[in-house]
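Structural overview for review
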Amino acid sequence: MAQLRQDYSEFVARNAEVVVVGPENAQSFSSYFQKEALPFVGLPDPGASVLKLYGQEVNLFKLGRMPAQVLIDKAGVARFVHYGHSMADIPANEEILTLLDEINSK
Amino acid sequence: MSRVSLNQIAPDFSLPDYSGRLFRLSDLRGEKNVLLVFNRTFT
């Protein structure tokens with residue numbers, strides 16, 4: 001989350017909105033986003049409706065959801081899909097920013 | 001469990017954001033790129 005916030009202006013410069021979906025309720029989202037001054041769209045999804053729709057993996061052994069990222073272009077097409085296999089498995093921002101440059105140049 | 005396919009239209013959804021405003025993915029179509037981040041938990 002901190003990694004994303006650091007580069008948020010880079011995403012904005014590339015006409016991208018960062019949308020965070022998580023299992024917490026609205027109150028947890030609100031307090032965390034305020035505490036960390038996160039500029040993203042925050043979508044509480046305690047019923048996991050979007051998580052199910054997008055197939056975020058639930059690792060039963062580790063008793064948790066694995067991180068996942070989906071980059072969707074202006075046409076609504078998924079251009080990058082990453083399903084993490086561990087908590088730390090998050091793609092580097094540079095990888096996504098480079099892809100955004102590519103998408104925007106078309 | 002289904003997964004999103006690359007280079008296909010991402011499934012549309014709508015959810016209220018944490019301040020209660022409705023967010024609909026398709027509202028951004030033609031406007032903005034979206035990085036959708038599935039977060040595990042706030043730690």
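Residues numbered from 1 in each chain as written. Chains lettered and ligands numbered in written order. Predicted model: local features only at pLDDT ≥ 70, side-chain atom pairs only at ≥ 80, totals over all residues.

The accessible area lost on association of the parts is a frequent measure of interface size. If you look at the interface, chain B gives 32 residues, while chain A gives 52 residues. Here the element with the most residues in the side of chain B that touches chain A is strand E3 (residues 33-38) of chain B; it accounts for six residues. Class assignment of the residues belonging to the side of chain B that touches chain A gives a composition of 17 nonpolar, nine polar and six charged. (Contact = placed C-beta atoms within 7 Å. Helix = DSSP H or I, 4+ residues; strand = E, 2+ residues; numbered from the N terminus. Nonpolar A, V, L, I, M, F, W, Y, C, P; charged D, E, K, R; others polar.)

So, about the environment of Arg14(A). Inspection of the secondary structure assignment puts Arg14(A) in the loop between helix H2 (8-13) and strand E1 (16-22). With 18 C-beta atoms packed within 10 Å, Arg14(A) lands in the partly exposed category. Sequence spacing of Arg14(A) and Thr98(A) is 84 residues, and the spatial spacing of their C-alpha atoms is 9.8 Å. Contact partners of Arg14(A), with chain neighbours within four places excluded, come to Leu97(A), Leu100(A), Asp101(A), Asn104(A) and Asn33(B). (Buried ≥ 20, exposed ≤ 12 C-beta atoms within 10 Å, placed from the backbone.)

To continue, consider the nonpolar core. Nonpolar side chains tend to gather and get buried jointly when the protein is soluble and globular. In terms of nonpolar packing, the biggest core is built from 27 residues, with Val18(A), Val19(A), Val70(A), Leu35(B) and Val37(B) touching the most fellow members. Those elements that place two or more of their residues in this core are E1, strand E2 (41-44), helix H4 (49-54), strand E5 (68-72), strand E6 (78-83) and helix H5 (93-104) of chain A together with E3 of chain B. Those residues within four positions of Val70(A) in sequence are excluded, and the remaining contacts are Tyr54(A), Ala78(A), Phe80(A), Val81(A), Val4(B), Ala10(B) and Leu36(B). (Core = buried A, V, L, I, M, F, W, Y, C linked by C-beta atoms within 7 Å.)

This part is about the confidence of the model for chain B. Residues and elements named next belong to chain B. Looking at chain B, the pLDDT average stands at 90 and 91% of residues meet or exceed 70. In the model of chain B, E3 stands out as the element of lowest mean pLDDT, 95, in contrast to strand E2 (residues 22-24), which has the highest, 98. The ipTM value of the predicted complex is 0.92, and its pTM value is 0.90. (pLDDT = per-residue confidence, 0-100.)

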